[in-house]
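# A look at the structure
As a plain string of letters, each chain reads:
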Amino acid sequence: MTQLHKGRSALPQPLSDSARSLAQALNHEALDREKPHARRQTMPGFADLARDIVEIWGPHPGAVGEISRLLRDMGRFAAGNWAIYLEATPGGLTTARMSESLKRTTVSGPGRARALLAYLRFIGYVVPAPDVGDGRTRHFRTTVKMREAFQDRIRRELEVRARLDPAIPALLARFDSDPSAFDAFFVTISEVSFANMELAAPRKNELDLFSDRYAGLIILCEMLQRGEPGDGFLPRGPLDFTVAGLAMRCDTSRMQVNALLSRARQAGYLIPTADGRERLSEPLLRNMEGLIAGTTDMVIGCARIVMGGPATIFD
């Protein structure tokens, strides 16, 4: 299991050897620019796996879809992730540590840390913590509401990949018997993310147009589930969607959907088809497949580490 590091720096230093080893393996798998994480994608059943993962990432009513509804852009989603990680590591959850996390991962500007923490307070995900130390640094703590939402999301992400590696069902069983296992997994996957950022320059691709915008990734995932019967997954043919339908299912406005689709058309990511509908561009689809494969490789590697195994993806 990953050890929590001691120290007074903004973030735990150094990162664990296992996190660095897994990050190196992930970067190696991502080197193929035409098809990142190609080994995962060529394994039997990848299309079905992709369909199941996109369904998880898409919109859902009720408690199942709470995180997607409340944390609708990468900045907010990242802040939620880092909040749990920072609380579980020495130094706790503070504005300064949140700012450093956002800066190191380049997901959102460090100047947004205060605003993001204020938003997490507004939705009931964090609250002020009792003063610690000399009282000059304000600490926060995550709420039961937030932890239950993230635990449910992590469990679903693991369950859909459980057949791929024995470490995953073992970790799911650990969740039921050991309350600390959730934090251990979160610390591990966060450390690997930090190590991954240190090893590789930020990679911009077509997905950024969606993931950087409010509700963008949810809308994309909903569109991906609108392929024709008989089309593969991810669908290469025309999609059956309407602006009104996307707005309703993704719980956002038609104006928001129209603005996103307009940008996607201008960028060449949404292409007209002969029957008057539209399809997604091949580079966008390849990057989405790479994201699905890459996150799967990361989840498997982190599950192996938490369960005491080697920091590997493929044996």
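Values in this document were obtained by computation on a predicted structure and should not be read as measured data.

### Details of the sheet that holds strand β1 (residues 93–94)
With respect to topology, three strands assemble into an open sheet ordered β1-β3-β2, the strand pairing being antiparallel. Only two strands of the sheet have a single partner each, and these edge strands are β1 and β2 (126–128). Strand direction decides the pairing type here: β1 and strand β3 (residues 139–142), joined by two bridges, are antiparallel. Within the sheet, the bridge partner assigned to L93 lies in β3 and is F140. Across the sheet, helix α7 (residues 113–122) touches β1, β2 and β3, and the angle it forms with β2 is around 100°.

### A word on the pattern of salt bridges
The full count for this structure, using the stated rule, is 15 salt bridges. E228 is the salt-bridge partner of R277, the closest N and O atoms lying 2.5 Å from each other. Here the residue R277 occupies a position in the loop between β4 (270–272) and β5 (278–280), and E228 occupies one in the loop between α12 (216–224) and α13 (243–249), the gap between them amounting to 49 residues. Given the relative accessible area of 25%, R277 is considered partly exposed.

### Describing the nonpolar core
Residues M98, L120, Y125, F150, L158, F175 and F185 are the most contacted members of the largest nonpolar core, which totals 57 residues. Of all the secondary-structure elements, those providing two or more residues to this core are α1 (17–29), α5 (74–87), α6 (95–105), α7, α8 (144–159), α9 (167–177), α10 (180–199) and α15 (282–306). Considering each element in turn, this core owes the most residues, ten residues, to α10. With residues up to four places along the chain from it excluded, the contact list for Y125 reads E66, I67, L70, L71, L120, R141, T142, T143, K145, M146, A149 and F150. In terms of nonpolar packing, the next biggest core, distinct from the first, is built from 37 residues, A215, L280, L285 and I292 among them.

### A short note on the environment of A293
Mapped onto the elements, A293 comes out in helix α15. Expressed as a C-alpha distance, the spacing of A293 and F46, which sit 247 residues apart in the sequence, is 8.4 Å. Residues within four places of A293 in sequence aside, it is in contact with H37, R40, Q41 and F46.

### Let's talk about the environment of S193
Residue placement: S193 occurs in helix α10. Separated by 89 residues in sequence, S193 and R104 have C-alpha atoms that sit 9.8 Å apart. Residues contacting S193, with those up to four places away along its chain left out, are W82 and M298.

### Structural notes on the environment of L217
Among the structural elements, L217 can be located in helix α12. For the pair L217 and D73, spaced 144 residues apart in the sequence, the C-alpha separation amounts to 7.7 Å. The residues touching L217, leaving out its near neighbours within four places in the chain, are F210 and S211.

About the cut-offs
Residues numbered from 1 in each chain as written. Predicted model: local features only at pLDDT ≥ 70, side-chain atom pairs only at ≥ 80, totals over all residues. Heavy atoms only, no water. Pairing = 2+ DSSP bridges. Helix = DSSP H or I, 4+ residues; strand = E, 2+ residues; numbered from the N terminus. Contact = heavy atoms within 4.5 Å. Axes fitted to C-alpha atoms, helices over the stretch in contact; angles between N-to-C directions. Salt bridge = Lys/Arg side-chain N within 4 Å of Asp/Glu carboxyl O. Buried < 20%, exposed > 50% of the residue type's maximum accessible area, 1.4 Å probe, protein only. Core = buried A, V, L, I, M, F, W, Y, C linked by side-chain atoms within 4.5 Å.

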